[in-house]
Structures are given as C-alpha cells and as structure tokens.
Amino acid sequence: MRTQVAIVGAGPAGMLLSHLLAAEGVESVVVETRSEEYVAGRIRAGILEQSSVDLLRSAGLADRLDREADPHRGIYLQWPEERHHLDFVDLTGRSVFVYGQTEVQKDLVAARTAAGQEVHYEVSDTAIHDVETERPSVTFTDGSGAAQRLEADVVVGCDGSFGPSRTTVPAALRRAWEKTYPYSWLGILADVAPSTDELIYAWHPDGFAMHSMRSASVSRLYLQVPHDTDVAAWSDDRIWEALAARLGHGQDGWQLTPGPVTDKSVLPMRSFVQQPMRHGRLFLAGDAAHIVPPTGAKGLNLAVADVALLAPALVALLRQDDARLADAYSETALRRVWRCTHFSWWMTTMLHSGDDPFDQQLQLSQLRWVTSSEAGATGLAENYAGLPIGF
Ligand SMILES: Cc1cc2nc3c(=O)[nH]c(=O)nc-3n(C[C@H](O)[C@H](O)[C@H](O)COP(=O)(O)OP(=O)(O)OC[C@H]3O[C@@H](n4cnc5c(N)ncnc54)[C@H](O)[C@@H]3O)c2cc1C
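*Asks:* How would you sum up the overall build of the protein? Please name residues and give values.
*Replies:* Across its full length, the protein carries 11 helices and 20 strands. Against the compact-globule benchmark of 21 Å for 391 residues, the protein has a radius of gyration of 21 Å, which places it among compact chains. Once the C-alpha set of the protein is aligned to its principal axes, its extents read approximately 65 × 45 × 40 Å. Counting across all 391 residues of the protein, residues that qualify as buried make up 57%. With an accessible surface of roughly 16,200 Å², the protein has 50% of that area assigned to carbon and sulfur atoms.

*Asks:* So what's going on with the packing of aromatic side chains? Which residues, and what values?
*Replies:* In the structure shown here, the tally under the stated rule is 10 aromatic pairs. Look at F88 and Y384: their rings are 5.2 Å apart centre to centre, the planes differ by 40°, and that puts the pair in the tilted class. One end of the pair, F88, is in helix α5 (residues 88–92); the other, Y384, is in helix α11 (residues 374–385), with 296 residues separating them in the sequence. Like F88, the residue Y384 is buried in the burial classification. Taking 4.4 Å as the distance between ring centres and 40° as the angle between the ring planes, the aromatic pair formed by W185 and Y222 counts as tilted. Remark: Y222 occurs in strand β16 (residues 219–226) and W185 occurs in strand β13 (residues 175–190); sequence separation between them is 37 residues. For W185, a relative accessible area of 1% puts it in the buried group.

*Asks:* Describe in detail the packing of helix α9 (residues 324–351) against α11, supporting the description with residues and values.
*Replies:* For the pair α9 and α11, the least separation of the axes is 10 Å and the interaxial angle reads 120°. Comparing their axes, α11 and α9 come out oblique. Seen from above, α9 lies across α11 with left-handed handedness. The segment α9 lies against α11, with R339, F343, W346, M347 and M350 engaging L380, N383 and Y384.

*Asks:* A description of the sheet that holds β13 should follow, citing residues and the corresponding values.
*Replies:* What links the strands of a sheet is backbone hydrogen bonding, and the strands pair in either a parallel or an antiparallel sense. Read across the open sheet, the 8 strands follow the order β6-β5-β14-β15-β16-β13-β17-β20; overall the sheet is mixed. Of all strands in the sheet, those with a lone pairing partner are β6 (82–87) and β20 (290–291), marking the two edges. Looking at chain direction, strand β15 (residues 209–213) and β16 are connected through 5 bridges and run antiparallel. Bridge pairing in β16 places S212 opposite R220.

*Asks:* Give me the site of the ligand: which residues, what numbers.
*Replies:* As a structural note, the neighbourhood of the ligand is formed by 30 residues, with E32, R42, Q101, T126 and D287 the closest of them. Note that an oxygen atom of the ligand is positioned 3.4 Å from one of the backbone N or O atoms of P12. Note that an oxygen atom of the ligand is positioned 2.6 Å from one of the side-chain N or O atoms of E32. If you list the elements that add at least two residues to the shell around the ligand, you get α1 (12–23) and α8 (299–320). Among the elements that line the shell around the ligand, the one with the most residues is α8, at 3 residues. Residue composition of the shell around the ligand, by class: 14 nonpolar, 9 polar and 7 charged.

*Asks:* Can you explain helix α10 (residues 357–372)? Please cite residues and give values.
*Replies:* Over its 16 residues, α10 runs 23 Å from end to end, which matches the ideal 22 Å to within 8%, given 1.5 Å per residue. As for α10, its buried residues are in contact with β5 (74–79), β6, α9 and α11. With a side-chain oxygen positioned 2.9 Å from the backbone nitrogen of F358, the residue opening α10 is D356.

*Asks:* Would you mind going over the environment of S18 in detail, with residue names and values included?
*Replies:* Here S18 is to be found in helix α1. With 349 residues separating them in the primary sequence, S18 and L367 have C-alpha atoms 41 Å apart.

*Asks:* Requested: an account of α8, with residues and values cited.
*Replies:* Across its 22 residues, α8 extends 32 Å between first and last C-alpha, which sits within 8% of the 32 Å expected from 1.5 Å per residue. Counting buried residues along α8, 18 of its 22 residues qualify, which places the element largely inside the surrounding structure.

*Asks:* Can you explain the side chain of R166? Please cite residues and give values.
*Replies:* Here R166 shows up in the loop between β12 (154–157) and β13. Here R166 sits buried without a salt bridge, and the closest side chain of opposite charge, E178, lies 7.0 Å off (N-O distance). Once residues lying within four places of it in the same chain are set aside, the contact partners of R166 are G160, S161, R174, F272, Q274, L284, D287, A288 and I291.

*Asks:* Got a sec to walk through the packing of α10 against α11? Specific residues and values, please.
*Replies:* Between α10 and α11, the shortest axis-to-axis distance is 5 Å and the interhelical angle comes to 95°. With respect to each other, α10 and α11 are oriented roughly perpendicular. On α11, the residues that touch W369, V370 and S372 of α10 are E374, G376, A377 and L380. When its residues are assigned to classes, the contact of α10 with α11 shows 4 nonpolar, 2 polar and 1 charged.

*Asks:* Account for the nonpolar core, naming residues and giving values.
*Replies:* Residues V5, L16, L17, L48, V138, V156 and L314 are the most contacted members of the largest nonpolar core, which totals 72 residues. It is α8 that provides the largest number of residues to this core, a total of 15 residues. With sequence-adjacent residues up to four places away left out, L16 is seen in contact with L55, L56, L61, L108, V304 and V307. Formed by 33 residues, the second largest nonpolar core is a distinct cluster that contains L86, V98, W185 and W203.

*Asks:* Please set out the environment of R135 residue by residue, giving values where relevant.
*Replies:* With respect to the secondary-structure elements, R135 resides in the loop between β9 (124–129) and β10 (137–141). The class of R135 is partly exposed, set by a relative accessible area of 48%. Sequence spacing of R135 and Y76 is 59 residues, and the spatial spacing of their C-alpha atoms is 51 Å. Within the local environment of R135, its side chain forms a polar contact with the side chain of D153, the two groups lying 3.3 Å apart.

What counts and what doesn't
- Residues numbered from 1 in each chain as written.
- Predicted model: local features only at pLDDT ≥ 70, side-chain atom pairs only at ≥ 80, totals over all residues.
- Heavy atoms only, no water.
- Helix = DSSP H or I, 4+ residues; strand = E, 2+ residues; numbered from the N terminus.
- Rg over C-alpha atoms; globule rule 2.2 N^0.38 Å.
- Buried < 20%, exposed > 50% of the residue type's maximum accessible area, 1.4 Å probe, protein only.
- Areas by Shrake-Rupley, 256 points an atom, 1.4 Å probe, with all protein chains shown as cover.
- Phe/Tyr/Trp six-rings, centres within 6.5 Å; stacked < 30°, edge-to-face > 60°.
- Axes fitted to C-alpha atoms, helices over the stretch in contact; angles between N-to-C directions.
- Parallel < 35°, antiparallel > 145°, perpendicular 65-115°, else oblique.
- Left-handed = near helix turned anticlockwise from the far one by under 90°.
- Contact = heavy atoms within 4.5 Å.
- Pairing = 2+ DSSP bridges.
- Near = heavy atom within 4 Å.
- Polar contact = N/O pair within 3.5 Å; in protein donor to acceptor, adjacent residues only side chain to side chain.
- Nonpolar A, V, L, I, M, F, W, Y, C, P; charged D, E, K, R; others polar.
- Expected span 1.5 Å × (residues − 1).
- Lys, Arg positive; Asp, Glu negative; His and termini not counted.
- Salt bridge = Lys/Arg side-chain N within 4 Å of Asp/Glu carboxyl O.
- Core = buried A, V, L, I, M, F, W, Y, C linked by side-chain atoms within 4.5 Å.

Shown next as structure tokens:
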C-alpha cells in the first residue's frame, strides 16, 4: 500500500489529522490496534477549551457539538466551608465546553467514514521503518492475519502513551521528562443529573474530589485515592459517602445527589514529555509525545492543538515542498506542551492534599489567592480556558 501520510493510531489526534489533511487534498491511511467500537467507547476526557471548539467548527466537525455541548463560563474552587466561582468569560473572554471525548471521537469517525477514509482497525505488530529516509513505511498484521506494508512520504505517531512511535526516535536523540504523582483518581460515571451547574474542584484534608458531568443526566465524579488503590475496595456507597464529605454536602444547603454507578476505574496520575516531536520523516502528536494529569483538563486539548499545528505543516511540506513549518513543528508545539504541563502540575499539586501540614497551609493560601485576587484568578482562567493554539 502507498499513501502520503501513514497515521498510527485512530484516537482523536489520528482521526482529526486525517480530516484536516483531507480538507487540503493530502491523503492518509490510519492503522489502529483496537476495534472502532472500543476506541469510540473509551471514557476519558470531557472538557473542550475554546480553541479546540473553534478548530472543530472551522473543520466542519461541530454540528452536533454546537447542538449538544454545554458551554460553561467557569469552575468552582472550594475547600471546607468555602466555595468560590471563577468566571472565565468575565476574566478572559473565553469559555470551555462539556462534550465527552466519546462524542468527539464519534463525530470524527462519522465524518471520516462519510469521506471514505481508509482506516485499518484491529491490526497488530505495528512497526515503523526508515524514518530517516524519504520513503518511510509502517508494517503491520491486518485484522485477517495478513502481513501489510504501508509506504508513505511521512509517518505520524498518534498512538498514545503505549504505542511504538516515540521509541522509534533513537535513544541517543530523544529526551524524556517524567513525574509520577503519589496518588491516583478513582473515577465514576453515574446515571444521575449533575448536582452542580459547573465543575467543582474541591480541596479537602481527606483528599481532592471533583464533580464533573457528561450531560444533563450523566455525572462524572472523581476522588483522590492512594497510588496503588484496588477499585474493588471501593463500594458504591463508600464512594458516595466520600464524595459527599469532600464536596461539602450540606454546606450552605448544597446537596450531592447520588445515583447508579455505571463505570468505575482508577486513573494513575503522571506527567511526561518527550522531545523532539519530530525525527526525520516521523512526527509525534498527542499522548504519543506527552501526558498530563487530568486535573487541568488538558490531555485531549493538547492533542487537538498538536494536530492543528501539524496539519498545515504537512500540507506545506507535501504539496508545496515547503519544509519551514515542518521544521518548526517540534519547537512550536513544545512551547504549548510545556505551558500545559506546568498548568496541569500546578492545578494537581494545589488541589491534592498529602500528610504534610505545612504543604496543606501553602495549598490553602494559594487557593485563597486565586479566588480573591483578579490577577491570580485571571492566570488560572487564561490557562484553563486555553491559550491560543500557536502560543
Ligand atoms: C483512562 C484515561 C482517562 C483520561 N481522562 C482524561 C480527562 O478526564 N481529561 C483530559 O483532558 N484528558 C483525559 N485523558 C487524556 C486524554 O484522553 C488523551 O490525552 C487523549 O485521548 C489523547 O488523544 P490521542 O489521540 O493522542 O491518544 P489516544 O486517545 O490514546 O489514541 C491513541 C490510539 O493509538 C492506538 N494505538 C496504540 N498503539 C498502537 C499501535 N501499536 N498500532 C496502532 N495503533 C495503536 C490506541 O489504541 C489508541 O486508539 C485520559 C486518558 C486516559 C488513558
């Protein structure tokens, strides 16, 4: 097989890239280890920043999003006895949208299927070759067991945190930074209307808690738990009791309404960045190059931003033989990656409590500052609602 751009991974980064390239007349083939249904059903991110929504709109991918997404003006930040609202629209003129990654993925798949995009699902043995030449390729075993070779002008690794792309960059030429946090998130999805109009981020001495949502009838809630937590140790009742305590059930008359839990999982928290995001004819985008803890709601948005920078770079390279944007891609993308990596780390370390009473006082002081100073609040709002894609 031959194409212009071989894309490894059919998650949001890979599918959005294939869409943006096709709009400019560049063809691609996508290979994916999982089934189409599995990729579409994975419960992950739920918040889109303004620039992601603007990009999806300009790419003609936002019809359903514009009908169904829930625009939020800001978030609540709280600690015992106090809850404060930060209004991002007032502070920065930008907002965020509640629209699940599952829905983004469905919209992408529908658009690419309608356009006849070639996607090979359920492949195995994916390997990337010859990226230092002008004829790189991807080999894989297809769903029927046949060995395949996909030749291309460029290979893009959109294969998330466990794919083979990032280690295709020679060890001597790549550098990675990693931080594992001493806690995880226990996340639940519940068939119950959210008990809040906007997300609540709660600092509590027992541990962080968060009230998010996916729709008017589905809530998403998280609890800080120790790193090696077994999900079986947390019954539904125990989860709702901990959520009620940490989110302040009863505080100023606010009530948390429990409901049937439909999904329960433990999500480890880590930060990871690998650079460069380009080696020869291999480019990395999304979780293949960087991972953030979900506290700042940045993972999916960073994947969108990478692809928004990479698509025009590849179009210029492959259609006009102009390598300037492609040569600048890694450096340009990494500026935003490191900004979001810092913001995600900052939100995480401000809100997750540990055993050290000194650290707890610093966290509370920081929370009081961002909720009482316009300068502090604006810094948080600007980062949360999202800096421009080319920042
Ligand atoms: C459990 C979980 C919960 C999350 N929750 C949040 C959240 O609440 N908020 C937030 O902002 N972000 C969250 N994230 C992060 C967010 O979902 C990711 O940042 C986003 O999915 C990145 O998109 P991507 O396309 O780069 O990678 P992915 O979505 O991971 O897609 C990569 C694709 O590559 C495929 N692949 C892997 N290896 C191969 C191979 N060898 N050959 C072919 N294909 C391959 C994978 O199957 C996958 O479909 C979460 C992530 C996880 C894992």
